[in-house]
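Examining the three-dimensional arrangement
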Amino acid sequence: MNHRSLAPLLAALVAAPAALAHVSLEYQVAPADAGYKAAFKIGHGCGASPTRQVSVTIPAGVTGAKPMPKPGWSLEIERAKLAQPLTSHGRTVTEDVVRVTWTARTAADMLPNDQYDEFVLVARTPAKAGTIYWPVSQVCENGRLDWVDVPRDGRPAADLKSPAAALEILPAAGGGGHRH
Ligand SMILES: [Cu+2]
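Let me begin by describing the structure that accompanies this report. Everything numeric in this text was worked out from a predicted model, so none of it was measured.

What counts and what doesn't
Residues numbered from 1 in each chain as written. Predicted model: local features only at pLDDT ≥ 70, side-chain atom pairs only at ≥ 80, totals over all residues. Heavy atoms only, no water. Disulfide = S-S within 2.5 Å. Helix = DSSP H or I, 4+ residues; strand = E, 2+ residues; numbered from the N terminus. Buried < 20%, exposed > 50% of the residue type's maximum accessible area, 1.4 Å probe, protein only. Pairing = 2+ DSSP bridges. Axes fitted to C-alpha atoms, helices over the stretch in contact; angles between N-to-C directions. Polar contact = N/O pair within 3.5 Å; in protein donor to acceptor, adjacent residues only side chain to side chain. Phe/Tyr/Trp six-rings, centres within 6.5 Å; stacked < 30°, edge-to-face > 60°.

Things to note about the state of the cysteines
Overall, the coordinates contain 1 disulfide when judged by the stated rule. A sulfur-sulfur separation of 2.1 Å characterises the disulfide bridge that pairs C46 with C140. Its S-S torsion of approximately 75 degrees makes the covalent link between C46 and C140 right-handed. Separated by 94 residues along the polypeptide, C46 in the loop between β3 (35-42) and β4 (51-57) and C140 in strand β10 (residues 136-140) bring together distant segments of the chain. Each of the two residues, C46 as well as C140, counts as buried.

In structure tokens:
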């Protein structure tokens, strides 16, 4: 194997830890108006301090969010009135989930800095294509990290200090599938 073919491999190896560094989504592209599993990857704490709470704000247009419970963590689901009521199974829905928060029950349940975990929810993607951003607050035993920055004025996402988790929504793949 000559050294030129090693370059992409080395690049990937170098990139891997960085990719695990900030809070990001496992799947970063999804079709519009479809079911989606959002797995938020937590690859480190606040410095050496363990993570004791993860709070995800649901982007506008994302509906029907359902979080996955995590043993040792309590789950808070916040709902709010919808600006525009929607119909589900013939029923009018006037409120929806706007934030989900996982909180470690005890210090022993916290996520240590030298371990990795995922915080998962399922939801329906917006009908409109484009990139959406999921603000995530990571609270540690000492300190917190708010992953809330979104690219503005053409600034590349790579320049952001604390980027929100980005999801690129592609135009719906026709047929629309099963609609709730
Ligand atoms: Cu990081």
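Section: the sheet that holds strand β9 (residues 130-134)
Here 3 strands make up an open sheet; going across it, the order is β2-β12-β9 and the pairing mixed. Unpaired on one side and paired on the other, β2 (29-31) and β9 mark the two borders of the sheet. Each strand of the sheet is rotated relative to its neighbour by a mean of 35 degrees, with strand direction disregarded. Relative to strand β12 (residues 165-170), β2 runs parallel, the two being bridged by 3 bridges. Residue pairing for β12: V29 is matched across the bridge by E168.

Examining the side chain of R124
Note on placement: R124 falls in strand β8 (residues 117-124). A distance of 2.9 Å separates a polar atom in the side chain of R124 from the backbone oxygen of D33.

Structural notes on the packing of aromatic side chains
In the structure shown here, the tally under the stated rule is 4 aromatic pairs. On the basis of an interplanar angle of 75 degrees and a centroid distance of 5.2 Å, the ring pair of W73 and F119 is categorised as edge-to-face. You can see W73 sitting in strand β6 (residues 73-88) and its partner F119 sitting in strand β8, a full 46 residues away along the chain. With 5.5 Å between their ring centres and 70 degrees between their planes, W102 and F119 make a pair best called edge-to-face.

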